[in-house]
Amino acid sequence: MEREQMIESVRSQMPEKRWRHTEGVMATAVLLAERFGGDPRKAELAAILHDVAKYWATDRMERIIREQGMPKELLEYDKELWHAPVGAWAAEHDYGVTDEEVLDAIRYHTSGRRRMTKLDKIVCLADYMEPGRDFPGVNKIREYSEHSLEKALLAGFDSTIGFLLEKGRMIFPLTVEARNGLIEELT
Ligand code: DGI
Ligand code: FE
Ligand code: FE
Ligand code: FE
């Protein structure tokens, strides 16, 4: 599908505020790709589609997770996690994306995973620090991102994990693995 058509379709599936977030992630992902030797075109494509399923109905996401043989474990954790793997499925089936690197960057943009690729890191970090984001610690993440993809993303996961701990919520194992993996890379 052509870029403009894809943009219009994604935009039509979310409120205006979420679309502005998506535009922020697109611009930030391109910038980070240029800064850290990633592929800006893949980064932008993953960014356009990363939250495509964010506003899909819960039962629709659950059905896709079951029917497509995605890890059933997902269903035991926060529903907030579901739009990422479901979004990767939509990218492939509704938008014809075949590039596995791009599909993985969408699939793991929320949870992260062990041994994240450069594209995974770029999209996940752009999601944390796009200009519209405002949460405690976001400026520190932006500062770290001037020189280190890994250090900035680690601060992002630390902030999410801290938030989940504070709320007494479960932590998806891939997020713990993603954080461990980044620490390993940084030492
Ligand atoms: O879709 P976005 O709002 O742009 O951002 P996202 O895809 O990174 O989703 C983040 C939300 O997911 C955030 O409110 C925290 C929630 N969440 C719930 N459980 C987990 C989790 N995030 C991670 N990384 N790991 C979890 O276990
Ligand atoms: Fe998301
Ligand atoms: Fe994220
Ligand atoms: Fe997002």
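For clarity, every value in this text was computed on a predicted model and none was experimentally measured. (Residues numbered from 1 in each chain as written. Chains lettered and ligands numbered in written order. Predicted model: local features only at pLDDT ≥ 70, side-chain atom pairs only at ≥ 80, totals over all residues.)

## Looking at the site of ligand 1
Thought 1: In the vicinity of ligand 1 there are 16 residues, among which Asp-78, Glu-80, Thr-110, Phe-172 and Thr-175 approach most closely.
Thought 2: When grouped by side-chain class, the residues that make up the shell around ligand 1 number six nonpolar, five polar and five charged. (Near = placed C-beta within 6 Å. Nonpolar A, V, L, I, M, F, W, Y, C, P; charged D, E, K, R; others polar.)

## Describing the nonpolar core
Thought 1: Ala-29, Ala-46, Ile-122, Val-123 and Leu-125 are the most contacted members of the largest nonpolar core, which totals 48 residues.
Thought 2: Where this core is concerned, the elements lending two or more residues are α2 (16–36), α3 (40–49), α5 (83–93), α6 (100–107), α7 (118–129), α9 (149–166) and α10 (173–186).
Thought 3: The element contributing the most residues to this core is α7, with eight residues.
Thought 4: The contacts of Leu-125, once residues within four sequence positions are left out, are Leu-32, Ser-145, Leu-149, Ala-152, Leu-153 and Gly-156. (Core = buried A, V, L, I, M, F, W, Y, C linked by C-beta atoms within 7 Å. Buried ≥ 20, exposed ≤ 12 C-beta atoms within 10 Å, placed from the backbone. Helix = DSSP H or I, 4+ residues; strand = E, 2+ residues; numbered from the N terminus. Contact = placed C-beta atoms within 7 Å.)

## Section: the UniProt feature "domain: HD/PDEase" (unreviewed entry) in the protein chain
Thought 1: In the numbering adopted here, UniProt assigns the feature "domain: HD/PDEase" (unreviewed entry) to residues 14–141.
Thought 2: Taken end to end, residues 14–141 is 59% helix and 0% strand, and its first and last C-alpha atoms sit 26 Å apart. (UniProt positions renumbered as here; feature names shortened; annotations may be inferred.)

## Details of the packing of α9 against α10
Thought 1: One way to put it is that α9 packs onto α10 with a least axis distance of 10 Å and a crossing angle of 150°. Between α9 and α10 lies a crossing whose hand is left-handed. Contact with α9, carried on its side by Glu-150, Lys-151, Leu-153, Leu-154, Phe-157, Thr-160 and Ile-161, involves Thr-175, Ala-178, Arg-179, Leu-182, Ile-183, Glu-185 and Leu-186 of α10 and no other residues of that element.
Thought 2: The residue makeup of the contact of α9 with α10, split by class, is eight nonpolar, two polar and four charged. (Axes fitted to C-alpha atoms, helices over the stretch in contact; angles between N-to-C directions. Left-handed = near helix turned anticlockwise from the far one by under 90°.)

## Here we look at α2
Thought 1: Across its 21 residues, α2 extends 30 Å between first and last C-alpha, which sits within 8% of the 30 Å expected from 1.5 Å per residue.
Thought 2: If you follow the buried residues of α2, they end up packed against α1 (3–11), α3, α7 and α9.
Thought 3: Backbone geometry just after α2 places Gly-37 at a positive phi near 70°. (Expected span 1.5 Å × (residues − 1).)

## Section: the environment of Ile-183
Thought 1: Its place among the elements puts Ile-183 in helix α10.
Thought 2: Spatially, the C-alpha atom of Ile-183 lies 30 Å from that of Ala-53, the residues being 130 residues apart in sequence.

## Focus: α9
Thought 1: With 18 residues, α9 should cover 26 Å at 1.5 Å per step; its first-to-last C-alpha distance of 26 Å lies within 8% of that length.
Thought 2: Every buried residue of α9 is accounted for by Leu-149, Ala-152, Leu-153, Leu-154, Ala-155, Gly-156 and Phe-157.
Thought 3: Tucked into the core, α9 has its buried residues touching α2, α7, α8 (138–144) and α10.
Thought 4: In the stretch just after α9, Gly-168 is the one whose phi turns positive, near 70°.

## Section: the packing of α7 against α9
A pair of packed helices can be characterised by two numbers: the angle between their axes and the separation between those axes.
Thought 1: The interhelical angle for the contact between α7 and α9, taken along N-to-C directions, is 50°, at an axis separation of 10 Å. By the criterion of interaxial angle, the relationship of α7 to α9 is oblique. Handedness of the crossing formed by α7 with α9: left-handed. Listed contacts from α9 to Lys-121, Ile-122, Cys-124, Leu-125 and Tyr-128 of α7 are Leu-149, Ala-152, Leu-153 and Gly-156. (Parallel < 35°, antiparallel > 145°, perpendicular 65-115°, else oblique.)

## Some details on the environment of Leu-49
Thought 1: Note on placement: Leu-49 falls in helix α3.
Thought 2: Separated by 10 residues in the primary sequence, Leu-49 and Asp-59 have C-alpha atoms spaced 20 Å apart.
Thought 3: Apart from the residues lying within four places of it in its own chain, the contact partners of Leu-49 are Val-10, Gly-87, Ala-91, Tyr-95 and Ile-106.

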